[in-house]
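# Structural overview for review
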Amino acid sequence: DTEVTQTPKHLVMGMTNKKSLKCEQHMGHRAMYWYKQKAKKPPELMFVYSYEKLSINESVPSRFSPECPNSSLLNLHLHALQPEDSALYLCASSQMMSDGLEQYFGPGTRLTVT
Amino acid sequence: GESVGLHLPTLSVQEGDNSIINCAYSNSASDYFIWYKQESGKGPQFIIDIRSNMDKRQGQRVTVLLNKTVKHLSLQIAATQPGDSAVYFCAEKRSGNNRLAFGKGNQVVVIP
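Now for a description of the structure that goes with this document. Position numbers for residues start from 1 in each chain and track the written sequence from start to end. Chain labels run from A onward and ligand labels from 1 onward, assigned in the order the entries are written. The predicted origin of the model limits local features to residues at a pLDDT of at least 70 and limits the giving and counting of side-chain atom pairs to 80 or more, whereas totals for whole chains, interfaces and linings rest on all residues. Calculated side-chain values reflect all of the structure's heavy atoms, with hydrogen atoms and water omitted.

### Details of the interface of chain B and chain A
Between chain B and chain A, the contact holds 27 residues from the first and 22 residues from the second. Looking only at chain B, the three residues that lose the most surface to chain A are B:Asn98, B:Arg99 and B:Phe102, adding up to 27% of its buried area. Whenever Lys or Arg places a side-chain nitrogen within 4 Å of a carboxyl oxygen from Asp or Glu, that contact is recorded as a salt bridge. On inspection of chain B and its partner chain A, the count reaches one salt bridge. In protein, a polar contact means a hydrogen-donor-capable atom and an acceptor-capable atom, both N or O and within 3.5 Å, with residues adjacent in sequence counting only if both atoms are side-chain atoms; elsewhere, any N or O pair within 3.5 Å suffices. At the junction of chain B with chain A, the criterion picks out three residue pairs in polar contact (both at pLDDT 80 or more). The helix and strand labels rest on DSSP assignments: H or I over at least four residues marks a helix, E over at least two residues marks a strand, and numbering proceeds from the N terminus. Going through the elements one at a time, strand 3 (30-38), strand 4 (45-51), strand 8 (86-94) and strand 9 (100-102) of chain B are the ones with two or more residues in the side of chain B that touches chain A. In terms of residue count, the dominant contributor to the side of chain B that touches chain A is strand 3 of chain B (five residues). Grouping the amino acids of the side of chain B that touches chain A by side-chain chemistry returns ten nonpolar, ten polar and seven charged. Only heavy atoms enter the contact rule, under which two residues are in contact if any of them lie within 4.5 Å. Put simply, buried area is how much 1.4 Å-probe accessible surface two parts lose in total, over both of them, once they are put together. Amino acids are sorted into nonpolar (Ala, Val, Leu, Ile, Met, Phe, Trp, Tyr, Cys and Pro), charged (Asp, Glu, Lys and Arg) and polar (every other residue, Gly among them).

Structure below.
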C-alpha cells in the first residue's frame, strides 16, 4: 500500500467555522507533512512531523493547528480562516525526515473559505 | 524578473514525440532532486529522483539529467502519451536541510 489518503476531498467553510482536515498513511512512514498549494503554483511547506513530534513550522498562522495523534494519522485543525486561505491542502509522508527520501502525496483537500 | 502571472510555462507536444522539461535551481548545496507530475485535481506523483553524485538516471520512458556546473535539471519523456498531460514540478533538497523546495512548474499538453 503506497497510498496517502485525505478527507474530505472538498470543504467549504465560513470564516467563523472550525473544521479539520485528515490524512492517513499505512506505509510505516515516520515523517508526515502538510503543504498548501494555490492554483498554478508549487506546493508550499507548512508543517513537518517526525516520529509524531512537530519538527518544522514554516511560520504558519496560528489559525492552522496541526496534530499527529499517531504514526499513521495527521490532522490539520482550522479556525477563523480568511478567504485567502482557500487553496488545495496536501498531505505527504516519507520514511523518515532525512535527506533524499521520496515524499508520497495524497490527493489533497480543496478548501474554500467564504 | 519573476513572473507573477497565473500562466505556467507550457510545452505542447505531439503524441509520440519526445518531451523535454527544464528546471534551473539556484543552490549549489542541493544534493537531491525529484521530478513530480501533478494531474488536474490530484496530488503530486513521484516520477524519478537523482542524487548530486550522478548526472543521469533512467526510469521507464523517463530520463533525468543533472548538470551541476550550470545548476540545471531536465526531464525527458520518451514517446509522450496523452496520459502525460500534467504539470511537472522539479524539487530540490539541500544538504543538511530537510525541506523540499519546489520549482515553479511546467504544463505539458499532449496533442493527440
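Now that the structure has been shown, we can carry on.
### Details of the pattern of salt bridges
According to the stated counting rule, one finds six salt bridges over all chains in the structure shown. The closest approach of N and O atoms between A:Glu58 and B:Arg99, which form a salt bridge, is 2.8 Å. Taken as a pair, A:Glu58 in the loop between strand 6 (53-57) and strand 7 (64-70) and B:Arg99 in the loop between strand 8 and strand 9 lie in two separate chains rather than in one. Between B:Asp49 and B:Arg57 there is a salt bridge, and its shortest N-O distance comes to 2.3 Å.

### What to know about the sheet that holds strand 5 (residues 56-58) of chain B
Residues and elements named next belong to chain B. Ordered by their spatial adjacency, four strands build an open sheet running 2-7-6-5, and the pairing between neighbours is antiparallel. The open sheet has two free edges, formed respectively by strand 2 (19-24) and strand 5, since each of these has just one partner strand. Geometrically, the sheet is characterised by an average inter-axis angle of 15° between neighbouring strands, direction not taken into account. Where strand 2 and strand 7 (residues 72-77) come together, six bridges link them in antiparallel fashion. Note on strand 7: the bridge partner recorded for Cys23 is Leu73. Two strands qualify as a pair provided DSSP detects at least 2 bridges between them. A fitted line through C-alpha atoms represents every axis, and for helices the fit uses only the stretch in contact; the resulting angles, taken between N-to-C directions, go from 0 to 180 degrees.

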